[in-house]
Amino acid sequence: MTQISQSDADARHITRDDYVSCTVAFIDCKKPGSHLKENYSIIGPGVTSSDEQVINLPEPHGFNIGAAAMPNGITNNLHIHFTAEVFIVQKGEWTFRWGPNGENEVLGREGDIVSVPTWIFRGFTNAGPDDGWLFTVLGGDNTGGVIFHPEIIREAADYGLYISNDNTLIDASRGDAVPDESGRIPPMPDDAFAELRKVSREEMMKRVVTADARDFRPAFVDARLPGCGTEIAPVIGFGLTQNRDHAAPITNPHGFSVEWLRMSAGQKVSPFTLDDKMVLILRSGKLRLSLNEGADVTVDLNERDTYSIPAGVVRSIAALGDSPAEALVVVSGDHRKRPQFSDEVIAAAREAGQALDAGGYVANAALLPDYKRAG
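The structure reproduced in this document is the subject of the present report.

### What about the sheet that holds strand E16 (residues 217-218)?
- Pairing in this open sheet of seven strands is antiparallel, and the strands run E1-E23-E20-E25-E18-E17-E16 from one edge to the other. This sheet does not close on itself; its edge strands, each paired only once, are strand E1 (13-14) and E16.
- The sheet contact formed by strand E17 (residues 231-236) and strand E18 (residues 256-263) spans five bridges and is antiparallel. Paired with Ile236 across the bridge in E18 is Val258.

### Thoughts on the layout of surface pockets
- Considering only enclosed or pocket space, the largest pocket measures out at about 250 Å³ in volume.
- Taken as a whole, the second largest pocket encloses approximately 220 Å³ of empty space.
- Taken together, 16 residues form the lining of the second largest pocket, with Met1, Pro271, Glu293, Val314 and Ser342 sitting closest to its centre.
- Of all the elements in the fold, those that place two or more residues in the lining of the second largest pocket are strand E19 (268-273), strand E24 (315-319), strand E26 (340-341) and helix H5 (343-351).
- Counting residues per element, the lining of the second largest pocket draws most heavily on E19, which supplies three residues.
- The class makeup of the residues in the lining of the second largest pocket is six nonpolar, six polar and four charged.

### Regarding the nonpolar core
- Ranked by size, the top nonpolar core spans 36 residues in total, and within it Met278, Leu287 and Ile317 carry the most contacts.
- Broken down by element, the residue count for this core peaks at four residues, all from strand E25 (residues 325-332).
- With residues up to four places along the chain from it excluded, the contact list for Ile317 reads Leu261, Met263, Gln267, Lys268, Val269, Met278, Leu280, Leu287, Arg288 and Leu289.
- Val86, Val235, Val258 and Val279 belong to the second-largest nonpolar core, a separate cluster that totals 30 residues.

### Brief notes about empty space enclosed by the protein
- Summed over the entire model, instances satisfying the criterion amount to six cavities of 30 Å³ or more.
- What the largest cavity holds in volume is close to 290 Å³.
- Along the walls of the largest cavity sit 31 residues, with Phe26, Asn39, Val47, Ala67 and Asn76 positioned nearest its centre.
- Mapped onto the lining of the largest cavity, the elements with two or more residues apiece are strand E2 (38-43), strand E4 (63-70), strand E5 (75-81), strand E6 (85-91), strand E11 (132-139) and strand E12 (146-148).
- Looking at the lining of the largest cavity, the element that brings in the most residues is E4, giving five residues.
- Roughly 50 Å³ of volume is contained in the second largest cavity.
- It is E12 that contributes the most residues to the lining of the second largest cavity, three residues altogether.
- Class assignment for the residues of the lining of the second largest cavity results in seven nonpolar, two polar and no charged.

### A short note on the packing of aromatic side chains
- On inspection of all chains with the given rule, the structure shows 16 aromatic pairs.
- Seen from their ring centres, Phe87 and Phe96 are 4.9 Å apart, and the 35° between their planes marks the pair as tilted.
- Under the relative-accessibility criterion, Phe87 is labelled buried at 1%.
- Given the relative accessible area of 3%, Phe96 is considered buried.
- Arranged with centres 5.7 Å apart and planes meeting at 35°, the rings of Phe121 and Phe193 form a pair that is tilted.

### Some remarks on the pairing of strand E23 (residues 306-309)
- Residues Thr306 and Ser308 of E23 are buried on one face, and the alternating residues Tyr307 and Ile309, pointing to the opposite face, are buried as well.
- Where E1 and E23 come together, two bridges link them in antiparallel fashion. Across the sheet, Ile14 pairs through a bridge with Thr306, a residue of E23.
- By the bridge criterion, four bridges tie strand E20 (residues 278-284) to E23 in an arrangement that is antiparallel. Its bridge partner being in E23, Leu280 is matched across the sheet by Tyr307.

Rules used throughout
- Residues numbered from 1 in each chain as written.
- Predicted model: local features only at pLDDT ≥ 70, side-chain atom pairs only at ≥ 80, totals over all residues.
- Heavy atoms only, no water.
- Pairing = 2+ DSSP bridges.
- Helix = DSSP H or I, 4+ residues; strand = E, 2+ residues; numbered from the N terminus.
- 1 Å grid on protein atoms, 1.4 Å probe; cavity = no way out; pocket = protein on both sides within 12 Å on 5 of 7 lines; lining within 4 Å.
- Points joined across faces, edges and corners; volume = space filled by probe spheres on them.
- Nonpolar A, V, L, I, M, F, W, Y, C, P; charged D, E, K, R; others polar.
- Core = buried A, V, L, I, M, F, W, Y, C linked by side-chain atoms within 4.5 Å.
- Buried < 20%, exposed > 50% of the residue type's maximum accessible area, 1.4 Å probe, protein only.
- Contact = heavy atoms within 4.5 Å.
- Phe/Tyr/Trp six-rings, centres within 6.5 Å; stacked < 30°, edge-to-face > 60°.

Right under this line is the structure:
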């Protein structure tokens, strides 16, 4: 069991005020209609090409957490990712497009999640009436950067912008040395462009989980204990839920799982440990994390805060104030996650009529035999 000090715990709390934007993160940063993009690297570098990008928590997690903020009408132009890219709409309305020339579109509203397949061109525009905010989760510690659409690379050269082979933005206007053609990423050749995978609208819509389509159910073995009963709605992969009736709508490997966690005012999750790194992004309300076996370290989260809990640390979660709270939970790995509650919690849950079966799912305690024949 891992212990954490208050100072170390505080260092893993990235508040909304801690986020630092970069407006020169990508090769299209001078293109009219794209010049007002703000890129954030909250956990890990993401796919930024700029050495000016501030990374709040560079520690490897197996995934990256970032964000994009843009005024109405501003566009992030077509580009390819090599690892998973998941958009979480925090504020506003966004048009997500995909395809060789962005010919397909879907509208995302607050609370919606869109997971875009790798190796296809994608882009997005703030279609809402005012400033919008997207959180992103990207697969891997090294995302490999991005490939921009050939037209964007050609147009960027008119502004003196290039991308080197090591994914660094070169800006001739500020005196950067421009590598020769062998040292920079060229526009994608026509034959490679033509061979890119095609994703139908039907396939893409299976990778969109809207706010009103979330399947919230009680998640943990402590559901019948006083003040408990927190709900989870899976989105991507195998997450924390101990409810056998849960099934994530998006199942292909991402390198991480994504779930929504919902708590009524005053509700809590009993203390548990996890063998994997776990990140919370608070969408609404307020949460208090109590850490260590003695709950001697606490951190309070507000809307849009991000928090990284190390593997092996005891944690409990409580909704503060008079309002419900909702948070995104991201955990590293494609495997099923196994929260471990204390013997005291398990015993209390059994007294309340619930226990974990041999598969690790909540069941009627009275139906479970005391089976001891381990192989």
